[in-house]
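Structural description and commentary
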Amino acid sequence: MSSKDFNVASLFRILTCCLLLLAAGISAKAQDTLHITLEDAEKQFLDRNLQLLAEKYNVSIAKAQIIQARLYNNPNLTLSGNLYNPDRKKFFDISNQTGQYEIGIQQLISLAGKRNKQVQLARTNAAMAENAFFDLLRTLRFTLRSNFYQAYYLQSSIKAYEAQIASLEKMDATYKDLQQKGLVTLKDAVRLRSLLYSLRAERTNMLNQVNDLEAELQLLLQNNHSWFAPDMPDNAIAGIPEVRQTSLQSLVDSAYANRQDLMLAQNNLQYNQQNYSLQKAMAVPDLTLGASFDKRGSFVNNASFLNLGIDLPFFNRNQGNIKAAKFSVDQTKLLVQQQTQAVENEVQTAYVKAINTDKMLESVDPAFRGQFEQLLHSITDNFMKKNISLLELTDFYDSYKENILQLNQLQNDRMQAIETLNFAIGKTLFNK
């Protein structure tokens, strides 16, 4: 090979290695695992969530409409001059001796308090925009916290699967060698491997569930380049006060004071009442006030006039809009009642579920999980020492898996019930 060919080949190998290293770095970066607490997740959510940031603009838009509603009507100025004077054969003759021009100014004056009523409408609309923003915040925050806890306990269950799978993989490799040597039966080797494959399949199914939750977390936190691993302190559940220590009525009253969707319904009623008042005011015609000056086109030269104008409400007295506004008020009153009942019902339902999960967890020994995990290692060691049979091993593994999954599910149910209750109240009273 020539020196030139050798240099080209070396350069190609170097470039190939660089590209492979770069691709590996990009892949590793794309799959970075980010350990995150609930507090950090909520902070990122408030700072980055695009849906929330976009909704905030609706509040600014509605407040800008208040400024617009406060503005008065602009005056109207008219100018009229002589285009052509046939006597003097002169264009644009507006001279004092022979020319002609007119000047007029008019101002529309709203009567019956229309302007103030429009300002009130704009303010109520801004309050409704704020209600919608905070209700969206409540909904998205609930989704974030719910997914956080669900992902945490699913990943905890996956770790339990991985511990079992790691032990079974070692036993499977040992049994494979022993089976080839004729020291164990094919039946035992296949049964052990079947248990291993079953656990792997269940873990894969659980990983797919976590992947769906991760997709939602990434969207909520606007970060598609990290795999979020939720972190929780060991005493997270123990630190939450028992729900039954708080009375149901106090929680319902708190929901009435904090639920933004209920406030939105109430403000919507106020908006329709204000609109009804405005529509009745619209039946009163507005006044046009003005003044004009005519150089020489009137009964005297340099004539000045005061102008007043008003519509005569013979036919259109805004009857249809007034009736429609009244119907809207009646309709919205019913919707407020319905929303109030819905809030009370949601709080009651969430309260009962939270109490039930509290009672269920009280019956579980906190040391149970640690004892079960110690027993798992003991059972595995005894099986390898042939102190227990394969059937006893598989029965224990099934029992371990079911109990760990149930314990994680119970803990997740408790956190989900607490978050549902907070969501129903409209405020984080528990698990702050």
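Treat the numbers as computed from the prediction; the structure is a model and nothing was measured.

Quick look at the pairing of strand β7 (residues 287-294)
Here strand β5 (residues 101-109) runs beside β7; their pairing, made up of 8 bridges, is antiparallel. From the neighbouring strand, Ile-109 faces β7, where its bridge partner is Leu-287. Where β7 lies against strand β8 (residues 303-310), 8 bridges are found, and the strand directions are antiparallel. Each bridged residue has a counterpart across the sheet, and for Ala-291 the counterpart in β8 is Leu-306.

Brief notes about the environment of Ala-127
Within the secondary structure layout, Ala-127 lies in helix α4 (residues 114-180). Distance in space between the C-alpha atoms of Ala-127 and Asn-431 is 29 Å, their sequence separation being 304 residues.

Side note on helix α3 (residues 50-70)
For α3, with 21 residues, the first-to-last C-alpha span of 32 Å sits near the 30 Å given by 1.5 Å per residue. Those residues of α3 that fall on the buried side of the exposure criterion are Leu-52, Glu-55, Val-59, Ala-62, Ile-66 and Ala-69. The buried residues of α3 all sit within an arc of 80 degrees when viewed along its axis, so they share a single face. Residues of α3 that are exposed and point more than 90 degrees away from the buried face comprise Leu-50, Tyr-57, Ile-67 and Gln-68.

Focus on the pattern of salt bridges
Per the stated rule, a full pass over the model turns up 17 salt bridges. In this structure, Glu-130 and Lys-63 form a salt bridge, with 3.4 Å as the shortest nitrogen-oxygen distance. Placement of Glu-130 in helix α4 and of Lys-63 in helix α3 is noted, with a sequence separation of 67 residues between them. Judged by relative accessible area, which is 29%, Glu-130 ranks as partly exposed. The class of Lys-63 is partly exposed, set by a relative accessible area of 42%. Note that Arg-259 and Glu-346 form a salt bridge whose closest N and O atoms lie 3.0 Å from each other. Here Glu-346 lies in helix α8 (residues 319-362) and Arg-259 lies in the loop between α6 (248-258) and α7 (260-282), a separation of 87 residues in the sequence.

Focus: unusual backbone geometry
The phi dihedral of Ala-112 falls on the positive side, at around 65 degrees, and the residue is not glycine. Following the sequence through the fold, Ala-112 ends up in the loop between β5 and α4. Positive phi is not limited to glycine here, since Asn-302 has a value of about 55 degrees.

Conventions and cut-offs
Residues numbered from 1 in each chain as written. Predicted model: local features only at pLDDT ≥ 70, side-chain atom pairs only at ≥ 80, totals over all residues. Heavy atoms only, no water. Pairing = 2+ DSSP bridges. Helix = DSSP H or I, 4+ residues; strand = E, 2+ residues; numbered from the N terminus. Expected span 1.5 Å × (residues − 1). Buried < 20%, exposed > 50% of the residue type's maximum accessible area, 1.4 Å probe, protein only. Arc of directions from axis to C-beta. Salt bridge = Lys/Arg side-chain N within 4 Å of Asp/Glu carboxyl O.

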